[in-house]
Amino acid sequence: MKDYFAKKTILMVDDDPNNLRLLQEILQDEYKLYAALSAERALKFLEKMIPNLILLDIEMPGMSGYAMIQRLKSDYRWIDIPVIFLTGIEGRKSEQKAFELGAVDYVLKPISTNVVRARVSLHIELQTHRVALEDMVYKKTEQLNKTQDSVLEMLANVTSIRDNETGAHIKRTTGYVELLVNNLIRIKHEDYIITQEFAENLIKSAKLHDIGKVAVPDIILHKPTKLTDFEFDVIKKHTVFGAYILDQAINELGDDSYFLYIARQLIVSHHEKWNGKGYPYGLSGGEIPLAGRIMAVADVYDALVSERPYKAPMSHEEAFEIILKDSGTHFDPHLLELSAPIFPGFAEIAKAYKDENYRFKMLSTDEEDD
């Protein structure tokens, strides 16, 4: 935990040693002080330590105080350090410029002991509260994210229990999606520019892609032989069932439902095909949300390499031979082309999460109590 009660540090920047000595006499009892006789030396100091506050002169040989604060505000490491200008330059224009550049205060020389103490104390306190608030918000956000992940895992487990033949399908497909998304972020292709937030939400959403199967009757979901046309039509509705499950929460949360919105896109569209012959809406090409196009690759690959009562598992090579053959018909061809370098990672994920290690043992109604 951060120690908010430790002695705060101040960097004083002034080309006049007398001004630095005066500031030291005023502030040394309450703060840990560092001094620099130029902006250039101050910037070198900042490479090693970040103070709680900077007291900065404006008129100095070489880099001026104005130029230094512009450097500070353009660097993510220093942008939040509060800066108080201590200067002999009077006038509204210079004061206005200081505030426009990001200073928190403007104190005129000759220095007044009481004024300097009061202004420094005020801005040190404000900075301390800001940091404490940011830390609290970070911890709360982290806690909410953990809660959200736990709820997602619970919902994913419900789907796994209903459709136990899929075993670790959810874990594997989530891993495939993560590989695909991280690759798009890495290559930064102009056709697939995605944010980190979108990527994180998409990876989380992958766990829910088959949640609509909770509404499919067991007699169809667990049928060990080939489905009839009618039964397959029922199975296909798991996409719209899944979207319906999320709709109420999305409507209630409004603008705070971005994560669920991404999840809904993925759930409802991951069985659409590039040529428009998928379901449930027959979308084609770019009409299919990117979330659905990515999930489609992961879902089909896992179905091909997994053992089912009605089929033997394919090898990694056989599975991708089929997927690449369906490039431009079932799958987004450009997405497959860009993703080719990371395809070997799919085999590693499939090996790590085998069905037999993740199946639930269902209790029978005639078992005796222990």
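Just so you know, the residues in each chain are numbered from 1, in the order the chain's sequence is written. This being a predicted model, a pLDDT of at least 70 is required before a residue's local features are given, and a value of 80 or more before pairs of side-chain atoms are given or counted; all residues contribute to the totals for chains, interfaces and linings. In computing side-chain properties, one takes all heavy atoms of the structure into account and sets aside hydrogens as well as water.

Chemist: Honestly, the overall build of the chain in this entry has me stumped. Any pointers?
Modeler: Segments assigned H or I by DSSP are reported as helices when at least four residues long, segments assigned E as strands when at least two residues long, and all are numbered from the N terminus. What the chain contains, in helices and strands, is 15 helices and 5 strands. Think of it in three bands: with a 1.4 Å probe and only protein chains considered, a residue is buried below 20% of the maximum accessible area for its type, exposed above 50%, and partly exposed in between. By residue count, 45% of the 370 residues in the chain fall in the buried class. The criterion used for residue contact is that any of the two residues' heavy atoms lie within 4.5 Å. Taking the contacts inside the chain whose residues are at least 6 apart along the sequence as the reference set, 64% of them involve residues at least 24 apart.

Chemist: For this particular structure, what's the right way to read the packing of aromatic side chains?
Modeler: Where two aromatic rings form a pair, the distance of their centres and the angle of their planes describe that pair. Each Phe, Tyr or Trp ring, with Trp reduced to its six-membered ring, pairs with another whose centre is within 6.5 Å; inter-plane angles below 30 degrees give stacked pairs, above 60 give edge-to-face pairs, and intermediate values give tilted ones. Counted according to the given criterion, the structure contains 10 aromatic pairs. With 5.0 Å between their ring centres and 40° between their planes, Tyr34 and Phe45 make a pair best called tilted. Of this pair, Tyr34 sits in strand S2 (residues 32-36) while Phe45 sits in helix H2 (residues 39-46), placing them 11 residues apart in sequence. Pairwise contacts between aromatic rings join Tyr176, Tyr301, Phe320, Phe343 and Phe346 into one cluster.

Chemist: Looking at this structure, I do not really get helix H9 (residues 229-236). What am I missing?
Modeler: Every buried residue of H9 is accounted for by Glu231, Val234 and Ile235. End-on view of H9: buried residues confined to an arc of 100°, all on one side of the axis. Turned more than 90 degrees off the buried face of H9, the exposed positions are Asp229 and Phe230. For this quantity, the arc is that covered by the directions from the helix axis to the C-beta atoms.

Chemist: I tried to follow the pairing of strand S5 (residues 105-108) on my own but got confused; where do I start?
Modeler: Walk down a regular strand and you will see the side chains alternate between the two sheet faces. In terms of strand pairing, strand S4 (residues 83-87) meets S5 through 4 bridges, oriented parallel. Bridging from a neighbouring strand, Phe85 pairs with Tyr106 of S5. Paired strands, as defined in this entry, are two strands with at least two bridges between them according to DSSP.

Chemist: Sorry if this is basic, but what is going on with the side chain of Ser269 here?
Modeler: Positionally, Ser269 belongs in helix H11 (residues 258-269). If we skip the residues at most four places from it in the chain, Ser269 touches Ile288, Pro289 and Gly292.

Chemist: Quick question: what am I supposed to make of the pattern of salt bridges here?
Modeler: Pairing is possible between side chains that carry opposite charge, provided their charged atoms lie close to one another. Basic side-chain nitrogens of Lys or Arg form a salt bridge, by our definition, when they fall within 4 Å of a carboxyl oxygen of Asp or Glu. Across all of its chains, the model carries 13 salt bridges by this definition. Salt-bridge contacts for Glu134 lead to Arg130; the nearest nitrogen and oxygen are separated by 2.9 Å. In this pair, Glu134 and Arg130 are both assigned in helix H5 (residues 113-162), 4 residues apart and thus about one turn of the helix distant. Judged by its relative accessible area of 27%, Arg130 is partly exposed.

Chemist: Even after reading the chapter, I still don't get unusual backbone geometry, so can you show me in this structure?
Modeler: Glycine aside, a negative phi is what most residues show, and trans is what most peptide bonds show. Between Lys109 and the following residue, Pro110, the backbone shows a cis peptide bond with an omega angle of 0°. Tracing the backbone shows Pro110 in the loop between S5 and H5. A positive phi is found at Lys188, a non-glycine position, where the angle reads about 50°. By the secondary structure assignment, Lys188 is in the loop between helix H6 (169-187) and helix H7 (196-205).

Chemist: Could you clarify how one ought to interpret the sheet that holds S2 in this entry?
Modeler: Sheets are built from strands paired through backbone hydrogen bonds, the pairs being either parallel or antiparallel. The sheet built from 5 strands is open, its strands ordered S2-S1-S3-S4-S5 with parallel pairing. Single-partner strands in this sheet number two, and they are S2 and S5. Neighbour to neighbour, the strand axes of the sheet diverge by 20° on average, direction disregarded. Pairing of strand S1 (residues 9-13) with strand S3 (residues 53-56) involves 4 bridges; the strand directions are parallel. Bridging from a neighbouring strand, Met12 pairs with Leu55 of S3. Across the sheet, H2 touches S1, S2 and S3, and the angle it forms with S1 is around 155°. Note on method: axes are straight lines fitted to C-alpha atoms, helices fitted across the in-contact stretch only, with angles between N-to-C directions ranging 0 to 180 degrees.

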